[in-house]
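Spelled out from the first residue to the last, the chains are:
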Amino acid sequence: QEQLVESGGGLVQAGGSLRLSCVASGIFVSSRPMAWYRQAPGKERELVASITDGDGGNTDVADYSDSVKGRFSISRDNARKAVYLQMNSLKPEDTAVYYCNVKSPWRDFWGRGTQVTVSS
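These figures come from a predicted structure and were not determined experimentally.

## Concerning the sheet that holds strand β3 (residues 18-25)
Now for step 1: The strand order across the open sheet built from four strands is β1-β3-β8-β7, with neighbouring strands paired in antiparallel fashion. Edge positions in the sheet fall to β1 (3-7) and β7 (72-77), since each of these pairs with one other strand and no more. Pairwise comparison of adjacent strand axes, ignoring direction, gives a mean angle of 15° for this sheet.
Now for step 2: Pairing geometry for β7 and strand β8 (residues 82-87), over six bridges, is antiparallel. What sits directly across from Ser75, in β8, is Tyr84.

## Side note on the pairing of strand β11 (residues 114-119)
Side chains on a regular strand alternate between the two faces of the sheet.
Now for step 1: Here β11 shows a clear split, with Thr114, Val116 and Val118 buried on one side and none of Gln115, Thr117 and Ser119 buried on the other.
Now for step 2: Here strand β9 (residues 96-103) runs beside β11; their pairing, made up of three bridges, is antiparallel. Residue Val97 lies in a different strand from β11, and its bridge partner there is Gln115.

## A closer look at the nonpolar core
Now for step 1: By size, the foremost hydrophobic cluster in this structure holds 28 residues, and its most contacted members are Trp36, Leu85, Met87 and Tyr98.
Now for step 2: Residue assignment for this core shows that the elements contributing at least two residues are β3, β4 (34-39), β5 (46-51), β7, β8, β9 and β11.
Now for step 3: Those residues within four positions of Tyr98 in sequence are excluded, and the remaining contacts are Glu6, Leu20, Trp36, Tyr37, Arg38, Val48, Phe72, Leu85, Met87, Gly113, Thr114 and Val116.

## Some points on the state of the cysteines
Now for step 1: Under the criterion given, the structure shown has one disulfide.
Now for step 2: The side chain of Cys22 participates in a disulfide bridge whose partner is Cys100; the two sulfur atoms lie 2.1 Å from each other. In this structure the cystine formed by Cys22 and Cys100 twists about its S-S bond by roughly -80°; its chirality is therefore left-handed. Note that Cys22 is positioned in strand β3 and Cys100 in strand β9, a separation of 78 residues in sequence. This pair shows no difference in class: Cys22 is buried, exactly as Cys100 is.

Conventions used here
Residues numbered from 1 in each chain as written. Predicted model: local features only at pLDDT ≥ 70, side-chain atom pairs only at ≥ 80, totals over all residues. Heavy atoms only, no water. Pairing = 2+ DSSP bridges. Helix = DSSP H or I, 4+ residues; strand = E, 2+ residues; numbered from the N terminus. Axes fitted to C-alpha atoms, helices over the stretch in contact; angles between N-to-C directions. Buried < 20%, exposed > 50% of the residue type's maximum accessible area, 1.4 Å probe, protein only. Core = buried A, V, L, I, M, F, W, Y, C linked by side-chain atoms within 4.5 Å. Contact = heavy atoms within 4.5 Å. Disulfide = S-S within 2.5 Å.

Okay, structure coming up:
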């Protein structure tokens, strides 16, 4: 069964940190871009961070939205079929459901999301 399962969300005070994890099963992730999106109540889903696969010979390339640049860090582990999002200096406006994404040539795969709530 093809699925992405996120974990690591929770309630944290402003300024705190969380580390999100996403593990794939039944999905080939090597050489494919992986990403984290988020969706806050009443807002559209937005891209937070993405990472390409250097495929062993090259460096993975990460990209971030302006709103999280310098605070969040995305990484991947193809051996574990996982992607991570380290979130530091969290702000109340980071409150959202965070979704894992893997892009294949014929479709996007999505997880069910993990809730992150940042209190002021």
